[in-house]
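Chain residues, written in single-letter form:
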Amino acid sequence: MSTTDVVILGLVAGVTIFLGLPLGRIKAALPRTRVLLNALATGILLFLLWDVLTHAWEPIDNGLGDKDVAAVVGAGTVFVVGLVVGLLGLVYFDRWMGSRSSRVVARPDGPGAATAGSATTLGHASGAQTLSLMIATGIGLHNFAEGLAIGNSAATGATELAVLLVIGFALHNGTEGFGIVAPMAAASERPSWGYLGLLGLIGGGPTFLGTLVGQQFTNDLVSVAFLTLAGGSILYVVIELLAVARRQKMKVLTTWGVVIGLLFGFATDAVVTLAGA
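On a predicted model such as this, the values are computed, not experimentally measured, just so you know.

What counts, and at which threshold
- Residues numbered from 1 in each chain as written.
- Predicted model: local features only at pLDDT ≥ 70, side-chain atom pairs only at ≥ 80, totals over all residues.
- Heavy atoms only, no water.
- Helix = DSSP H or I, 4+ residues; strand = E, 2+ residues; numbered from the N terminus.
- UniProt positions renumbered as here; feature names shortened; annotations may be inferred.
- Buried < 20%, exposed > 50% of the residue type's maximum accessible area, 1.4 Å probe, protein only.
- Contact = heavy atoms within 4.5 Å.
- Polar contact = N/O pair within 3.5 Å; in protein donor to acceptor, adjacent residues only side chain to side chain.
- Expected span 1.5 Å × (residues − 1).
- Arc of directions from axis to C-beta.
- Phe/Tyr/Trp six-rings, centres within 6.5 Å; stacked < 30°, edge-to-face > 60°.

A. Spatial organisation of unusual backbone geometry. At Lys67, a residue that is not glycine, the phi angle is positive and equals roughly 60°. Looking at the element boundaries, Lys67 is found in the loop between α2 (31–65) and α3 (69–106).

Below, the structure written as structure tokens:
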């Protein structure tokens with residue numbers, strides 16, 4: 001398969017993430033609608049967390065089956081480090097952002113200075129956008145690993161498998177776009193088209209890059225590293241979304257939304273499996 005063909009495959013697999021992004025401009029004014037959007041995103045991300053960590057664990061599982069101590073230790077170390085960095089890295093980043101916001105609020109009023117009230121409003125808006133950015137980053141890491149699989153299949157001559165992977169990942173990525181913008185839609189924020197485009201590039205672009213890298217180079221440890229970094233990032237976001245849901249005190253609606261989002265994720269995965277990918 002030529003490099004041009006591989007480039008096209010990577011673009012097709014990654015671009016579908018843009019399909020769900022326009023939903024971020026929907027103004028969810030009703031509290032129950034906001035809660036439902038938040039819960040649906042949580043369910044989809046829970047599925048992605050399971051999907052990511054399952055694939056990241058495969059090399060370790062294979063090493064245990066083969067009694068290959070070196071493979072188990074190597075992949076296991078990368079698994080632990082990637083998961084810890086992906087999760088705690090965002091925890092410390094969030095704490096750093098929180099400390100910056102506190103300093104802004106503490107500034108005295110004056111020319112060019114934000115009042116406490118405006119700082120709170122800006123902090124709320126930034127909070128939803130930052131959360132969406134974190135989701136896009138976690139999904140981007142996940143999609144880079146998917147791109148590696150596509151590129152490697154193309155490089156080894158498994159053209160049919162590569163095409164099937166592209167079809168499956170394209171369908172799957174279409175749901176991820178909604179997961180990215182849900183925090184902003186739930187907060188009734190309308191991001192600019194430019195910001196949505198940036199989120200799409202962060203979340204979907206790595207699929208294309210991973211395809212190019214995977215055609216030239218592939219390594220189980222690299223895949224595990226990107227998958228576990230994604231897993232840690234997604235787990236952090238899930239914790240944040242569940243905290244938001246708890247404050248809304250709509251337990252029944254939240255639970256239904258999480259279940260529907262989770263089942264929707266498994267349904268898209270079933271389509272991928274039926275396609276032979």
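Read on for the rest.
B. Structural context of the UniProt feature "transmembrane region" (unreviewed entry) in the protein. Taking the UniProt record as the reference, the feature "transmembrane region" (unreviewed entry) is found at residues 6–23, 35–57, 69–93, 193–215, 221–244 and 256–276. Between the first and last C-alpha atoms of residues 69–93 the distance is 35 Å; the span itself is 100% helix and 0% strand.

C. A look at the environment of Thr228. Considering the arrangement of structural elements, one finds Thr228 in helix α7 (residues 220–248). For Thr228, a relative accessible area of 0% gives the class buried. Taking the C-alpha atoms as reference, Thr228 lies 9.9 Å from Thr54; in sequence the two are 174 residues apart. Discounting residues that sit within four places of it in the chain, Thr228 has contacts with Ala56, Val78, Phe79, Gly82 and Leu83. Within the structure, the side chain of Thr228 is placed 3.1 Å from the backbone oxygen of Ala225, a separation counted as a polar contact.

D. Seen up close, helix α1 (residues 3–15). Compared with the 18 Å implied by 1.5 Å per residue over 13 residues, the 18 Å span of α1 between its first and last C-alpha is a close match. Taken together, the buried positions of α1 are occupied by Val6, Leu9, Gly10, Ala13 and Gly14. The buried residues of α1 all sit within an arc of 120° when viewed along its axis, so they share a single face.

E. Just the packing of aromatic side chains, in detail. One pass over the structure, following the stated rule, counts five aromatic pairs. Geometrically, the ring pair formed by Trp57 and Phe79 is edge-to-face, given 5.4 Å between the ring centres and 80° between the ring planes. Of this pair, Trp57 sits in helix α2 while Phe79 sits in helix α3, and the two are 22 residues apart along the sequence. Classification of Phe79 by relative accessible area gives buried; the value is 11%. Relative to Phe226, the ring of Phe144 lies with its centre 4.4 Å away and its plane at 35°, an arrangement referred to as tilted. Of this pair, Phe144 sits in helix α4 (residues 116–155) while Phe226 sits in helix α7, and the two are 82 residues apart along the sequence. Among the residues examined, Phe144 registers a relative accessible area of 13% and is labelled buried. The partly exposed category is assigned to Phe226, whose relative accessible area is 25%. Feature note: the residues Phe47, Trp50 and Phe266 constitute an aromatic cluster, connected by ring pairs.

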